[in-house]
Amino acid sequence: MKLMFVGDINLGEYYTNFGNGPGTFAKTKDLFSHVEHIFKQADLIAGNLEASICSIGLNPNEPESVVLRAAPSTANLLKKHNIKVLQVANNHSVQHGVESFKENLQILESHGLTYTGLNGAQPTIYVHQGIKIGFLAASDVPDNTDKKQNLYQRLDEAFIELVRASVSSVDHLIVMLHWGLEESTSPLPYQRELAKKLKDAGVRIVVGSHPHLFYEIEAEDNFVCAYSLGNFVFDLCWDQRLLKSGILEVNIGPDKKLETKVWPIEIMHDGAVPTPVENPVKIDGSFTLYNLGSSIKNQQIRKVLYHLRNIFKGNTRLKAIFFKRKILGQKKATNRQS
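Read on for a plain summary of the structure.

## Looking at the environment of Ile296
Inference 1: Of note, Ile296 is situated in the loop between β18 (285-287) and α8 (299-309).
Inference 2: A residue is classified by how much of its surface remains accessible, and Ile296, at 8% relative accessible area, is buried.
Inference 3: With 26 residues separating them in the primary sequence, Ile296 and Phe322 have C-alpha atoms 24 Å apart.
Inference 4: Residues contacting Ile296, with those up to four places away along its chain left out, are Glu182, Glu183, Ser184, Thr185, Leu213, Asp239, Arg241 and Leu242.

Listed below in structure tokens is the structure:
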């Protein structure tokens, strides 16, 4: 069995790319056309759905209503390209409200797509040629909308116990985690400790998301841990490190042995088109694909400069509204503090 994993999928658009990001690109072109030949090789592809696919409550003239919201039609792209399992345990899933979150799940179901990460849910099961694969997902990232994380699974001790209880019910258990810090260029100590705990519990594959950077991958003792697969379709274009990505491939042999490789990817066209840039690399032990440096400071400055350089691309009006609010909001906050 050949499994593939990708990082954060945003089929909508971020503030800085309204009208010229993935959501706009997807109206006329295929976001996954450059990786189609790779995806066709997989029996199953899984990724983190960072922007909900929904239309309820949409106000096209309001930046906060438009941001990180994908059109229902984009679900066809996922189905067409064999992306079968979507993680919905992340801090943007409920960004547009409970009803939009539920609509997202319904749209996925109507397209024959599976999701994992609902609060208290048992493993999502996929069976291929008699091999039973289980998926569990959770998040420990603070959520500004669903502050108690009632709708999707929280990464806590109860989840760890669920993982332990689920290992024996499948041939291979895969755990997808939204964790870590965006400010870090490498896994945090608690992530390494938790990965070891999951390995000892019998988990075969751990796939991480949230930092938006492609971290090191560990593949040894028949266990694979990708702490963060970074972005896969995402228009965070102000730092080139945010556009360096990859496709994690894990082949499960008849003897249940795991063979791992990674396909280096760069996200082109304003974060819309993942594109292979090199041949796949086999992983044995700890492997680092990109030099991310020791710091990712000054991201707000990079973001503002990128926004200003591109404000006349795409939907200038929405970009200007957002930028004006941010600047005025910061000035008001400064005045209150002085």
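Still to come is the rest of the account.
## Structural notes on the pattern of salt bridges
Inference 1: This structure, assessed with the given rule, holds 15 salt bridges.
Inference 2: A salt bridge links Lys2 to Glu249; the nearest nitrogen and oxygen atoms lie 2.9 Å apart. A residue pair is termed long-range when its members are at least 10 positions apart, and Lys2 in strand β1 (residues 2-9) and Glu249 in strand β14 (residues 244-252) qualify at 247 residues. You'll find Lys2 and Glu249 in the same group, each marked buried.
Inference 3: Of the charged contacts in the structure, one is a salt bridge between Arg302 and Asp239, with a shortest N-O distance of 3.7 Å. Highlighted residues: Arg302 in helix α8 and Asp239 in the loop between β13 (231-233) and β14, separated in sequence by 63 residues.
Inference 4: Salt bridges sharing partners connect three or more residues here, namely Arg192, Glu216 and Glu218.

## With respect to unusual backbone geometry
Phi is mostly negative for residues that are not glycine, and the peptide bonds are mostly trans.
Inference 1: Positive phi, close to 50°, is recorded for Gln149, a residue that is not glycine.
Inference 2: Here Gln149 is to be found in the loop between β8 (131-139) and α6 (157-166).

## Concerning the environment of Lys324
Inference 1: Looking at where Lys324 falls in the secondary structure, it is placed in helix α9 (residues 316-337).
Inference 2: For Lys324, a relative accessible area of 56% gives the class exposed.
Inference 3: Separated by 42 residues in sequence, Lys324 and Lys282 have C-alpha atoms that sit 47 Å apart.

## Regarding the side chain of Lys319
Inference 1: Inspection of the secondary structure puts Lys319 in helix α9.
Inference 2: No salt bridge is formed by the buried Lys319; its nearest oppositely charged neighbour, Asp270, is found at 7.6 Å.
Inference 3: Within polar-contact distance, the side chain of Lys319 engages the backbone oxygen of Thr16 at 3.4 Å.
Inference 4: Polar contacts involving the side chain of Lys319 include one to the side chain of Asn20, which spans 2.8 Å.
Inference 5: When residues no more than four places from it in sequence are discounted, the contact partners of Lys319 are Tyr15, Thr16, Asn17, Phe18, Asn20, His307, Asn310, Ile311 and Lys313.

## Focus on the sheet that holds strand β11 (residues 217-220)
Inference 1: The seven strands are arranged β7-β8-β9-β10-β12-β11-β18 in an open sheet whose pairing can be described as mixed. The sheet terminates laterally at β7 (124-128) and β18, the two strands that pair on one side only. Shown here is a sheet whose adjacent strand axes are inclined to one another by a mean of 15°, direction ignored.
Inference 2: Across four bridges, the pairing between β11 and strand β12 (residues 223-226) is antiparallel. For Ile217, the partnering residue across the bridge sits in β12 and is Ala226.
Inference 3: Here α6 sits on the sheet and contacts β8 and β9 (172-178); the angle it forms with β8, its principal contact strand, is near 175°.

## Description of α6
Inference 1: Of the residues making up α6, those classed as buried are Phe159, Ile160, Leu162, Val163 and Ser166. Mapping the buried residues of α6 onto a view down its axis gives an arc of 155°, with all of them on the same face. In this structure, α6 carries Ala158 and Ala165 as exposed residues pointing more than 90 degrees from its buried face.
Inference 2: For α6, the elements touching its buried residues are β8, β9 and α7 (189-201).

Reading the values: the criteria
Residues numbered from 1 in each chain as written. Predicted model: local features only at pLDDT ≥ 70, side-chain atom pairs only at ≥ 80, totals over all residues. Heavy atoms only, no water. Helix = DSSP H or I, 4+ residues; strand = E, 2+ residues; numbered from the N terminus. Buried < 20%, exposed > 50% of the residue type's maximum accessible area, 1.4 Å probe, protein only. Contact = heavy atoms within 4.5 Å. Salt bridge = Lys/Arg side-chain N within 4 Å of Asp/Glu carboxyl O. Lys, Arg positive; Asp, Glu negative; His and termini not counted. Polar contact = N/O pair within 3.5 Å; in protein donor to acceptor, adjacent residues only side chain to side chain. Pairing = 2+ DSSP bridges. Axes fitted to C-alpha atoms, helices over the stretch in contact; angles between N-to-C directions. Arc of directions from axis to C-beta.

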